[in-house]
Amino acid sequence: MPRPTADRSRGAAVRLRGIVKQYGAGAPAVNAVSLDIAAGEFISLLGPSGSGKTTTLNAIAGFIDIDAGEIELGGVAVASMRPHLRNIGMVFQHFTLFPHMTVAENVAYPLRQRKVPAKERARRVQAALEMVQLGEYGTRRPDQLSGGQQQRVAVARAVVFEPRVLLMDEPFGALDRKLREELQIQLKGLHRELGITIIFVTHDQEEALVLSDRIAVFNNGSIDQIGTPAELYDRPENRFVAQFLGESNIFEGTVRDVDGVRALVCPDGRFVLPAPAADPGTEIHAMVRPEKCRVAPVGPDGDGLTNALEGEVEEEIFLGSSRKLLVRTPTDRVVTVRSTAAADRGVSVGSKVVVTWDSADLLVVR
Amino acid sequence: MPARRPYGLAAFAVITGALLILPGLIVFPMSLSDRRSFVFPPKEWSFRWYENFFSDPGWTETLMNSLQTAVVVAIVATVAGTVAVFGIVRHNFRGKSVVVGLLLAPMVTPIIILGVGEYALFLRWQLVGTGLGFTLAHIVHAIPYVVLTVSGVLMTMDRQLERAAASLGAPPHKVLRTITLPIIAPGIMAGFIFAFISSFDETVIALFLSDPNFRTMPVQMYASMTQEVDPTIAVGASLIMLLSTLLILLSALVFRRRYAKANR
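Residues numbered from 1 in each chain as written. Chains lettered and ligands numbered in written order. Predicted model: local features only at pLDDT ≥ 70, side-chain atom pairs only at ≥ 80, totals over all residues. Heavy atoms only, no water.

Its volume calculated, the second largest pocket comes out at about 490 Å³. Lining the second largest pocket are 20 residues, and of these Arg82(A), Arg159(B), Glu162(B), Arg163(B) and Ala166(B) lie nearest its centre. Contributions of two or more residues to the lining of the second largest pocket are made by helix H4 (57-90), helix H8 (160-167) and helix H9 (172-200) of chain B. It is H9(B) that contributes the most residues to the lining of the second largest pocket, four residues altogether. Tallied by class, residues from the lining of the second largest pocket come to ten nonpolar, three polar and seven charged. (1 Å grid on protein atoms, 1.4 Å probe; cavity = no way out; pocket = protein on both sides within 12 Å on 5 of 7 lines; lining within 4 Å. Points joined across faces, edges and corners; volume = space filled by probe spheres on them. Helix = DSSP H or I, 4+ residues; strand = E, 2+ residues; numbered from the N terminus. Nonpolar A, V, L, I, M, F, W, Y, C, P; charged D, E, K, R; others polar.)

Let us now look at unusual backbone geometry. Residues and elements named next belong to chain A. Positive phi, normally seen in glycine, also occurs at Ala32, with a value near 55 degrees. Here Ala32 lies in strand E2 (residues 30-37). The backbone phi angle of Asn220 is positive, close to 50 degrees, even though this residue is not glycine. Examined against the element boundaries, Asn220 turns out to sit in the loop between strand E9 (214-219) and strand E10 (222-227). The exposure class of Asn220 is exposed, given its relative accessible area of 65%. (Buried < 20%, exposed > 50% of the residue type's maximum accessible area, 1.4 Å probe, protein only.)

Two orientations exist for strands paired in a sheet by backbone hydrogen bonds: parallel and antiparallel. Residues and elements named next belong to chain A. Pairing within the open sheet is antiparallel, and its four strands lie in the order E2-E1-E4-E5. At either margin of the open sheet sits one strand with a lone partner, and together these are E2 and strand E5 (76-77). Sheet analysis places strand E1 (residues 14-21) next to E2, joined by five bridges and oriented antiparallel. Of the residues in E2, the one forming a bridge with Lys21 is Val30. (Pairing = 2+ DSSP bridges.)

This brings us to the interface of chain A and chain B. You'll often see interface size given as the accessible area lost when the parts meet. Across the boundary between the two partners, chain A contributes 26 residues, which contact 21 residues of chain B. Interface area for chain A against chain B, summed over the two sides, is near 2,000 Å², with a carbon-plus-sulfur share of 60%. A per-residue breakdown of the area chain A buries against chain B is headed by His84(A), His100(A) and Tyr109(A), which together make up 27% of the total. At the junction of chain A and chain B, the tally comes to zero salt bridges. Here chain A and chain B share four residue pairs in polar contact (both at pLDDT 80 or more) between them. For the side of chain A that touches chain B, the elements supplying multiple residues, two or more each, are helix H2 (103-113) and helix H4 (147-159) of chain A. (Contact = heavy atoms within 4.5 Å. Buried area = accessible area lost by both parts, 1.4 Å probe. Salt bridge = Lys/Arg side-chain N within 4 Å of Asp/Glu carboxyl O. Polar contact = N/O pair within 3.5 Å; in protein donor to acceptor, adjacent residues only side chain to side chain.)

All right, on to the domain arrangement of chain A then. All names here are of chain A. By the assigned domains, chain A splits into domain 1 (8-241) and domain 2 (247-365). Relative to domain 2, the C-alpha centre of domain 1 lies at a distance of 40 Å. Taken residue by residue, the interface counts eight residues in domain 1 and nine residues in domain 2. Buried surface at the junction of domain 1 and domain 2, summed over both partners, amounts to about 670 Å²; 52% is from carbon and sulfur atoms. Looking at the side of domain 1 facing domain 2, the largest losses of area belong to Tyr233, Pro236 and Arg239, adding up to 77% of the total buried there. At the junction of domain 1 and domain 2, the tally comes to zero salt bridges. (Domains from an automatic or database assignment.)

What follows is the structure, encoded as structure tokens:
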């Protein structure tokens, strides 16, 4: 294998147009999902279980027939094409190595289907196994491998026939955290090396943030927001995205002009809203991330409009490089603050504190 | 939970097993007796009844009849039962539970009723006393064994494996041949063995369908037992037990290898 080159031309663009899939009566599992995936892009379909992300993936793979919509792979409409003709690699959550074949036979399987001559087949199987650092394991049986090794073989098997698109359905979901992180890094390298399009389904927001060029957040059968990890984190468009990606403190209230300053008025207090805010009188949600918050011991009273929230530290969680403080306010809500250990010393469980943030960090979400 | 060794249970299992098998094992020493009697234990040992068995066409012919019938029955019942199981396990259709009931009915129907019914029907079709008649009747009797064993493995098989194979470029018939069938092969093998044994030692239906032209070994044994005192029957019984035991052992070994692999 050549050294990493980001040759994304080896991937195929994937276009989804108005995909609908309905199981029985009730709300559709997938409702009018449209998505443009660039050639060579690493995109994650992120959402809770039942949000339609796996159904969408299975529709791309061809395992389910969609009720409406179009699917294009590299410009070719495939919605009515049988799965074995789509030439898409796929890695599943449950280990799906064929138990009656050796590792090498597993990896050779797609090449056999394509009638690749024996000599070239052996060479490509070996290359694929070496790519996932399992070059010595060809003669083993799948049940002689660990879970992580099995998934690496599954990846080798899914890319050995050089598909232009690789689908992954929570491939690391059954592995422990440390192994998962290791494999995520390997997968990133592999993506760079192969330059193919990867569509990755996960319910783990951290995993999606680590891996993806872009993330599509699924909720109730449709996509709530598509964007880069930074876009989704810094500018979530709605409450669901704000809560699903990272931690958030969300306030619900009415927009009012207070002393000529536009502010959110809610039971917890009055908070200044950043520049292009909503019109006065509208009901909105506003969010601030825990790491944008600061705590300080209660001091002299402010003017009531300084984004200050009084409360008592109820829980202190040590996270190594930072601390997480849960602050209960007099209105009985809990605000999460993440602070680096050096700052705000002297604050601990039971402390009366004031939580503050820069008004620029308060985001209006739908 | 603390691991307490269940000695009581183990003893119970051993006693139950012994009660089941010991009365049958008595045929082995009896077949080696040198007297024309069923005195147990025999005073002198000899192979004379084995000699008698293999030189008497009455025994060898019926043994061959039994073997031939059982092989054909096992093949047909395994193929038919396996195909039926795919229909039942993989598809939903109206009246499915009725079909399942019909497929398993021969197992719960009192066998004497099956025998009477088949006798009446086969008399009209002139199949009594023919190899074909025995084979057809035994196939009906054997299919439930295949349905039970094969549906067991097919239901527990991970269907994602088939999806994986399809995603790798295998058309449905190749998925069946290279993935599904090899994975459920132990269940099909077990079904084949049970079908074989169910035909090989089936007696009740065979008594109805026998005539002087065609009979199977269990019928010959029954006749021998009721008409004369002849330890040759102990030889036949020993052979049946030996064959059945070997087949069961074989299937147990196949299964154990699979389970050992699956659980490692």
